[in-house]
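Coordinate analysis (summary)
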2 protein chains.
Amino acid sequence: QRQQLLKIKEEYDIGILGPNTVMGVINTANGLNTTFERDVMPRKGNIAVISQSGGVGACLLDWACFYKIGISKFAFMGDKIDVDDVDMLRYLGRDKETKVICLYMEGVKNGRKFIEEARKTVEKKPIIALKGGIVQESAHRAKSHTASMAGSNEVFEAALKKAGIIRVENMEDLMNAALALSKQPPMLGDNVAIVSNVGGPAILAADAVARNNLKLARLSGETKGAIERLYPGVDATNPIDMIADARADRYRKVLDLVLTDNNVDGVLVINMLKSCFFEPEDAKAILEVAAKHPDKPIVDVPAGGEDFELVYKVIGESSIPLYNLPEKGVKALKILRLYGKIIGNIKV
Amino acid sequence: QRQQLLKIKEEYDIGILGPNTVMGVINTANGLNTTFERDVMPRKGNIAVISQSGGVGACLLDWACFYKIGISKFAFMGDKIDVDDVDMLRYLGRDKETKVICLYMEGVKNGRKFIEEARKTVEKKPIIALKGGIVQESAHRAKSHTASMAGSNEVFEAALKKAGIIRVENMEDLMNAALALSKQPPMLGDNVAIVSNVGGPAILAADAVARNNLKLARLSGETKGAIERLYPGVDATNPIDMIADARADRYRKVLDLVLTDNNVDGVLVINMLKSCFFEPEDAKAILEVAAKHPDKPIVDVPAGGEDFELVYKVIGESSIPLYNLPEKGVKALKILRLYGKIIGNIKV
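For every chain, the first residue of its written sequence is number 1, and the numbers climb from 1 along that sequence. All chains are assigned letters beginning at A, and all ligands numbers beginning at 1, according to the order in which they are written. This being a predicted model, a pLDDT of at least 70 is required before a residue's local features are given, and a value of 80 or more before pairs of side-chain atoms are given or counted; all residues contribute to the totals for chains, interfaces and linings. Computation of side-chain values: all heavy atoms of the structure, hydrogens and water removed.

1. Remarks on helix α1 (residues 2-12) of chain B
Condition: Partly exposed residues are those whose accessible area sits between 20% and 50% of the maximum for their type, while under 20% is buried and over 50% is exposed, using a 1.4 Å probe and protein chains only. Where helices and strands are cited, they refer to DSSP runs of H or I of at least four residues and of E of at least two residues respectively, numbered from the N terminus.
The buried count for α1(B) comes to one of 11 residues, which makes it a mostly uncovered element. Looking one or two places after α1(B), you find B:Asp13, whose phi comes out positive at around 55°.

2. Observations concerning the interface of chain A and chain B
So the rule is basically this: Two residues qualify as a contact provided that any one of their heavy atoms is within 4.5 Å of a heavy atom in the partner residue. We define buried area as the total accessible area lost by two parts upon association, computed with a 1.4 Å probe and summed across both. Basic side-chain nitrogens of Lys or Arg form a salt bridge, by our definition, when they fall within 4 Å of a carboxyl oxygen of Asp or Glu.
Taken residue by residue, the interface counts 62 residues in chain A and 62 residues in chain B. Between chain A and chain B lies a buried interface of about 4,900 Å² when both sides are counted; carbon and sulfur atoms form 64% of it. Put simply, chain A and chain B have six salt bridges between them. With a closest N to O distance of 3.0 Å, B:Glu172 and A:Lys328 form a salt bridge.

3. Here's the deal with the sheet that holds strand β2 (residues 32-33) of chain B
Hydrogen bonds between backbone groups are what pair the strands of a sheet, and the pairing can be parallel or antiparallel. All names here are of chain B. Worth spelling out the cut-off: Should DSSP find at least two bridges between two strands, the strands are taken to pair. Note on geometry: axes are lines fitted to C-alpha atoms, helical ones only across the stretch in contact, with angles between N-to-C directions running from 0 to 180 degrees.
Taken together, seven strands build an open sheet; the order of strands is β2-β1-β4-β3-β5-β6-β7 and the sheet is mixed. Looking at which strands have only one partner, the edges of the open sheet turn out to be β2 and β7 (166-168). In the packing of helix α7 (residues 171-183) onto the sheet, contacts are made with β3 (44-51), β5 (100-105), β6 (127-131) and β7, and the angle to β6 comes to roughly 180°.

4. Section: helix α3 (residues 85-94) of chain B
All names here are of chain B. This is how it is decided: The directions from the helix axis to the C-beta atoms form the arc being described. Identification of polar contacts relies on pairs of N or O atoms within 3.5 Å, with a donor-acceptor requirement for protein atoms, meaning one able to donate a hydrogen and the other able to accept it, and with residues adjacent in sequence counted only if both atoms are side-chain atoms.
Listed in full, the buried residues belonging to α3 are Asp85, Val86, Met88, Leu89, Leu92 and Gly93. With its buried residues spanning 160° around the axis, α3 presents them on a single face. If you follow the buried residues of α3, they end up packed against β3, β4 (71-76), β5, α4 (111-124) and β6. Capping of α3 at its N-terminal end is provided by Asp84; its side-chain oxygen lies 3.1 Å from the backbone amide nitrogen of Val86.

5. Let's talk about the relation of the copies chain A and chain B
The test is simple: When the copies are overlaid, the least-squares fit takes in C-alpha atoms only where the residue has pLDDT of at least 70 in both copies.
Taken as rigid bodies, chain A and chain B are interconverted by a rotation of 180° and an axial shift of 0.0 Å, the fit giving an RMSD of 0.0 Å. Within this description, the copies of the chain are treated as partners about a two-fold rotation axis. Considering only C-alpha atoms, the residue of chain A closest to the rotation axis is A:Glu172, which sits at 6.6 Å. Same-surface contact between copies: 100% of interface residues of chain A are shared with the interface of chain B.

6. Considering unusual backbone geometry
Residue and element names in this part refer to chain A. In this structure, Pro239 follows Asn238 across a cis peptide bond, with omega equal to 0°. Following the sequence through the fold, Pro239 ends up in the loop between α9 (221-230) and β10 (240-241). One non-glycine residue, Asp13, lies in the positive phi region at around 55°. Tracing the backbone shows Asp13 in the loop between α1 (2-12) and β1 (25-27). The exposure class of Asp13 is exposed, given its relative accessible area of 69%.

7. Structural notes on the pattern of salt bridges
Pairing is possible between side chains of opposite charge, provided their charged atoms come close. Per the stated rule, a full pass over the model turns up 50 salt bridges over all chains. Residues B:Lys292 and B:Asp256 are paired through a salt bridge, measuring 2.8 Å at the closest nitrogen-oxygen approach. Here B:Lys292, found in helix α11 (residues 284-292), pairs with B:Asp256, found in helix α10 (residues 248-260); they are 36 residues apart in sequence, far enough to count as distant. Overall, the relative accessible area of 21% leaves B:Asp256 in the partly exposed class. Look at the salt bridges and you will find they share partners, linking A:Asp62, B:Lys274, B:Glu306 and B:Asp307 into a network.

8. Structural notes on the domain arrangement of chain A
Residue and element names in this part refer to chain A. Threshold: As annotated, the domain borders come from an automatic or database domain assignment.
What the domain assignment lists for chain A is domain 1 (2-183) and domain 2 (191-347). In this structure, domain 1 and domain 2 have C-alpha centres spaced 32 Å apart. Here domain 1 meets domain 2 over a buried area of about 1,500 Å², counting both sides, of which 62% is carbon and sulfur. The three residues of domain 1 that bury the most area against domain 2 are Ile166, Ala180 and Lys183, which together make up 34% of that side's buried surface.

9. With respect to the packing of aromatic side chains
Residue and element names in this part refer to chain A. Note the threshold: Centres within 6.5 Å make a pair out of two Phe, Tyr or Trp rings, where for Trp the six-membered ring is used; the pair is then stacked when the planes are under 30 degrees apart, edge-to-face when over 60, and tilted otherwise.
With the rule as written, the count across this model stands at 10 aromatic pairs over all chains. Each ring, one from Tyr251 and one from Phe278, has its centre 4.9 Å from the other, and the planes form 70°; the classification is edge-to-face. Here Tyr251, found in helix α10 (residues 248-260), pairs with Phe278, found in the loop between β11 (266-270) and α11 (284-292); they are 27 residues apart in sequence, far enough to count as distant. Phe278 carries the same exposure label as Tyr251, and that label is buried.

10. Some thoughts on the packing of α3(B) against α4(B)
All names here are of chain B. Threshold: We call two directions roughly parallel when the angle between them is under 35 degrees, roughly antiparallel when it is over 145, roughly perpendicular when it lies between 65 and 115, and oblique otherwise. Less than a right angle of anticlockwise turn of the near helix away from the far helix marks a crossing as left-handed, whereas a clockwise turn marks it as right-handed. In this count, Pro and Cys sit with the nonpolar residues alongside Ala, Val, Leu, Ile, Met, Phe, Trp and Tyr, while Asp, Glu, Lys and Arg are called charged and the others, Gly among them, polar.
One can describe the packing of α3 onto α4 by two numbers: an axis separation of 9 Å at closest approach and a directional angle of 15°. Looking at the two axes, α3 sits roughly parallel to α4. You can see that α3 and α4 cross each other, and the crossing is left-handed. Across the interface between the two elements, Asp85, Val86, Leu89, Arg90 and Gly93 of α3 pack against Lys113, Phe114, Glu117, Ala118, Thr121 and Lys124 of α4. The residue makeup of the contact of α3 with α4, split by class, is four nonpolar, two polar and five charged.

11. Details of the environment of B:Glu222
Of note, B:Glu222 is situated in helix α9 (residues 221-230). Sequence spacing of B:Glu222 and B:Leu257 is 35 residues, and the spatial spacing of their C-alpha atoms is 9.2 Å.

12. Observations concerning the pairing of strand β3 (residues 44-51) of chain A
All names here are of chain A. Stated precisely, the cut-off is as follows: When the strands point away from the viewer and the path from the first strand over the helix to the second turns clockwise, the crossover is right-handed.
Examined bridge by bridge, β3 and strand β4 (residues 71-76) share five bridges and lie parallel to one another. In the sheet register, Ser51 faces β4, and the bridge partner there is Phe76. Following the backbone out of β3, through helix α2 (residues 54-66) and into the adjacent parallel β4, one traces a crossover that is right-handed. Pairing analysis gives five bridges linking β3 to strand β5 (residues 100-105), with the strands arranged parallel. Following the sheet pairing, Ala48 is matched in β5 by Ile101.

13. Examining the environment of A:Ala332
Residues and elements named next belong to chain A. One can find Ala332 in helix α13 (residues 326-347). In this structure Ala332 comes out as buried when scored by relative accessible area, which is 2%. Sequence spacing of Ala332 and Pro232 is 100 residues, and the spatial spacing of their C-alpha atoms is 32 Å. Every residue in contact with Ala332, bar those within four places of it in the chain, is listed here: Ala180, Val299 and Tyr323.

Listed below in C-alpha cells is the structure:
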C-alpha cells in the first residue's frame, strides 16, 4: 500500500497526508472537512491543531466544537509517509488564518529539522505542544500506537526548549493556552495584578501566581492612592478586592489605573456574580479598558459554572479570554509570559 | 454587636454561626436555605462544604448547582464568634447524610483541637481541604479578609497530614475529589489499570498515573491471555487499548477480567464516542461490572465536551464518577488512594 501511495504521489506530484490519518483535515476557511462524524465543524478562528493521535485529535476536536474555540486548520497526521511535522509547521507558519499552532505528539521523526523549523515559526506565532508517552509503559504503547520512538522525557523537554515551543500537561491546558495566545499579546514582565470583587478567589489567584513563578505586582503609590481616594474602604494592595458592590464603573476606573501602572505587566480580573452586585453586562467595561491598553495582557475569571456561562454570553466572543477558575486564569498569564520570554530571547 | 450576640446566645442557649457569614447555611435534607440568591439550591447528596470565605463558598455553591453535585450541608463560616471549625467537624462527623467533608480555609484558630477532631472524623469519613493564603502577599490579604493568621504553608501541610486531611490545589480539584470519595471506595493499593477504546488518551492517562505517584498495574498472564483470546488484535498490556470498535459487551468482559485480577487496585475507563463505535447507552455496562466488584474503585472518562455530556446523561447520576479528561480521572484515583492510605494508617 505504502509503495502504491508513493507511486501515486510521484505520478501526480501531490502531497499525501497519512495514511491511517483517521479523520484527515479540516479547513474552516473554505469549509473543507474530511472527518466522517456528524456535527464536527468547529467555528472559524485562528488556532491550528495538528494531532499525531486520532483519539487525542478527536477529543481536541470535540473540545473545540463544544467550548466554541475558533479553529483555522485541523490535521490528523497518521503514518506520515509523505507530509510530516516539518511540512506542517512550514505551511502553518505562512498560513494567514493561523495565529497559534497546537501540537499533540508522541514522538518526532526528524528531530533537528523539526527544531529548526519550529524556531523560525515561533518568531511569527507561538507553538504549544502536548507530549504523550512519557513513562516507560506508555512510551512502549506509543511505539505500537503511532510507530514513533518516544525518547526520554528530558531529551524531549530540552529539544522543545531549544525550539521555543511551549509545553503543556494536558488537553485542557493545551486549549486554554491556545485561547490566551490567540486573543492576547505576550506578557513582557512577571508582574501580575489581580482585580476582583471578592476576597477568597483573589487570594487563591495570588497563591497561583506564586506557584506559576510569576510575581504579584507591587502597585505604585500613585496608583494605590488614586484607587483609594476614588473608593474609600478599598485597600488597593494587590490582590485588589474592590468589594462586592463593584459594578462596571468601578471595574473600568480601577482597571484603567492598574493597566497604566508601569509596575504591572498583566492583569487577572475576577468577577463573581453570586453574593455580588456585578451583572453580566458589566463585563463590557473590561473590553473597553482592555482596548485602551493593547500591549498588556488581560484575562477574565467569572469563577464557577453558571457565573461563567452568563458572563460568556456577554464577552465570550471578544478578545478577552475567559476561565472558570482563578488558577486557570493565572496559568493563561503564565503562558503569555512564556511566549514573551521566547520572543525576547529570539530578538536578543 | 459581638457582645450583644454573645448575650443572646447565653440567654437562649443557642449556637451562633457567624456573624458576617454572607450566606449562612443550606441543608438539602430539610430544604433550609438561608442564602439570598435565586436558584442556588444544590441537589441532595452526601457532600458537605464548609467555607471560611464567602466568595469561595459562593463559587463552590455555583459549581455544585451547575455541575449537579449532590450536597448534604453547606455552611459559610463568617467570623466564628461561637460555632467554629471544630464544632462543624463534630457535627458533620455524626451527620448521617454526609459522607465526605470539604473545607475551604484560610487559617484555623484552635489548631490542636482541630487536628484532634479531624483525626476522629476521618476514621468515619474523608475530609478534603483547600487552603488559601499561602504566599506572603495573599496571607496578608487573608488576614484582613477573614482575620485569620495564615501561618506558613509548611506548618499547615504538616498539620493536615497529621490530621489525615487530604489537601487539594484548587476549587475544581476539591469538587472532583469529593465526587470520587462520595461515590467510590478507597483504593487499597497503587496499581491502576487503564481500559480504553482509543490509544492516545490512554497514553496520556498512563503518563498521569506516573505523575501522580501511582503505578500502572502489571496484569497477570491469566488476565492478559483471557483478553487476547477473546479479542485477537487487542494487545492487553496495560494501558489496554480495546480498539475503536469496542462496545458494551467488550467493555463488560474486559473490565470484569481486569477487576478480578489481584494485581489491579483500581480502574480508569476511557470511552470516547468520536471516531469510535461506542454509544452512550453502552456505558451502562460499566455500572454492571462495577456492581460486581464493589471493593475496587472505578472512574470513567468520556473525554471532551459533547462526549462527556452524552455519557453523563446515561450514567452521570450513578455511582461511577465521570471526568472530562484522562488526567482528572487519574487525579480522582489518586485521591481514593490517599484516603485508602489514611484509613490504613489509622487502623494500624
